[in-house]
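Tertiary structure, described
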Amino acid sequence: MYQSVLVTGASSGIGEATAIHLAHKGFRVFAAARSLDKLKTLSGLGAGRITPLEMDVTDEASIASALAEISDSGGALYGLVNNAGVGVMGPVEEVPPADWRRQYETNVFGLVNVTRAALPQMRATGRGRIINIGSVSGRIAVPFQGVYASSKHAVEGLSDALRRELAPHGVKVSLIRPGFINTPFGAQEQDELERYTGGAYAEQIKIFKAWHAKGHPNAAGPIVVAEAVHQALTARRPHSRYTVPTKMLGFLALRNLAPSALTDRIFARVTGLDKFKKGSAP
Ligand SMILES: NC(=O)c1ccc[n+]([C@@H]2O[C@H](COP(=O)([O-])OP(=O)(O)OC[C@H]3O[C@@H](n4cnc5c(N)ncnc54)[C@H](OP(=O)(O)O)[C@@H]3O)[C@@H](O)[C@H]2O)c1
């Protein structure tokens, strides 16, 4: 009997790579996204062990019907990979409230709602794994990523609380913290930044956008995240956190150990924003 795993946001990037990787590793994968059309490419992959599911993580009715479909298919859910996410970018001051809500509805409340819906199946069997896809931005908030980074900081806190609440129920919780990964996410974030190239932070945004543009295309592919998810699903004692690629651990150590005054200067240097001086704009 294959163990069942639900992967949210499986139509692209990390979710798609994870669905395929887990299916090849012998899991029965329920690959969910908002549109079944976008999941077409998964049909026939993963040794026939992938079932596409329509699910919008911001819609409780759609979550309930996807979870019912999984339990009707026989065999309780063993793993949940909370991967669906969007990246809202821009100055904290200028991002409109609707975009703040879109960010939190997907990355935070969506994750909570899918988890709440999946937990009864896991607790009933006394075992299971929840893997939340956080981000290095859940620890390090660079400028103009405040909306996204704050949502991923929330995922860090949620993962800690869930891990401690669920341990006595046999459900283990891990957080994966990807750094830059080469997926369509980078282009989507670039589009978001473009909206702020005419505002009060225009010059800073242009500098930041140029730095950010180099990040995703030169990064590792989503398979590195898929492999970490597989480890978190199969290790007897999964880690509470996996950082991928591991070279990002250096930045996290810096963030944890160095004083903020120093890390502020380092991140300004890394992003090129140290060159910006107020009043220097043309
Ligand atoms: N790429 C990176 O550098 C990076 C780094 C750190 C963390 N992450 C995290 O990794 C996760 C996946 O990102 P990715 O890089 O694979 O990006 P991606 O290629 O843009 O994929 C995002 C996925 O989320 C889904 N999604 C968005 N809103 C949804 C909703 N309301 N309901 C259901 N699904 C929804 C999208 O599906 P639709 O087809 O329905 O739009 C898509 O499948 C995100 O949580 C992201 O924050 C990415």
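See the structure above.
Reference entry: report on the structure contained in this document. As a convention, each chain's residues are numbered from 1 in the sequence order in which they are written. Reporting in this predicted model follows two pLDDT cut-offs: at least 70 for local features of residues, and 80 or more for side-chain atom pairs to be given and counted; totals over whole chains, interfaces and linings ignore these cut-offs and use all residues. Derived side-chain values reflect all non-hydrogen atoms in the structure, with water molecules and hydrogen atoms excluded from consideration.

Bringing the pattern of salt bridges into the picture now. When a carboxyl oxygen of Asp or Glu lies within 4 Å of a side-chain nitrogen of Lys or Arg, that pair is called a salt bridge. In the structure shown here, the tally under the stated rule is 12 salt bridges. When the shortest N-O distance is used, the salt bridge between D37 and K40 registers 3.3 Å. The closest approach of N and O atoms between R195 and D99, which form a salt bridge, is 2.6 Å. With R195 in the loop between α5 (185-194) and α6 (202-215) and D99 in helix α3 (residues 97-125), this residue pair connects regions lying 96 residues apart in the sequence. The exposure class of D99 is buried, given its relative accessible area of 9%. Strands are runs of DSSP state E lasting at least two residues, helices are runs of H or I lasting at least four, and both sets are numbered from the N terminus onward. Only protein chains enter the calculation, and the probe is 1.4 Å; a residue is then buried if its accessible area is under 20% of its type maximum, exposed if over 50%, and partly exposed in between.

Right, let's get into the nonpolar core. Of all hydrophobic cores here, the largest spans 27 residues; its most connected members are L22, V29, I176, V225, V229 and L233. Mapped onto this core, the elements with two or more residues apiece are β1 (4-7), α1 (13-24), β2 (28-33), β4 (77-82), β5 (128-133), α7 (223-234) and β7 (241-244). Counting residues per element, this core draws most heavily on α7, which supplies 5 residues. Residue contacts are counted whenever heavy atoms from the two residues lie within 4.5 Å of one another. The contact partners of V29, leaving out residues within four places of it in the chain, are V5, V7, A19, L22, A23, R49, I50 and T51. Nine residue types can take part in a nonpolar core, namely buried Ala, Val, Leu, Ile, Met, Phe, Trp, Tyr and Cys, and a core is a set of them joined through side-chain atoms within 4.5 Å. Counting 21 residues, the second-largest nonpolar core is a separate cluster that includes A32, M55, I70 and L80.

Looking now at α1. Given a rise of 1.5 Å per residue, 12 residues ought to cover 16 Å, and the 17 Å separating the end C-alpha atoms of α1 matches this to within 8%. Burial runs high along α1: 9 of the 12 residues are buried. Close packing links the buried residues of α1 with β1, β2, β3 (50-54), β4, β6 (171-178) and α7. Helix span, expected: 1.5 Å multiplied by one less than the number of residues in the helix.

To continue, consider the pairing of β4. By the criterion of burial, β4 is predominantly enclosed, with 6 of the 6 residues buried. Two strands make a pair as long as DSSP finds a minimum of two bridges between them. Of the pairings in the sheet, the one linking β1 to β4 comprises 4 bridges and is parallel in character. Within the sheet, the bridge partner assigned to V7 lies in β4 and is V81. As paired strands, β4 and β5 are joined by 4 bridges and run parallel to one another. For N82, the partnering residue across the bridge sits in β5 and is N132. Throughout, right-handed denotes a crossover for which the path from the first strand over the helix to the second runs clockwise when the strands point away from the viewer. Handedness of the crossover is the feature at issue here: the chain leaves β4, passes through α3, returns alongside β5, and the resulting connection is right-handed.

By the secondary structure assignment, T183 is in the loop between β6 and α5. A relative accessible area of 15% places T183 in the buried class. Excluding its chain neighbours within four sequence positions, the residues that come into contact with T183 are G13, I14 and P222.

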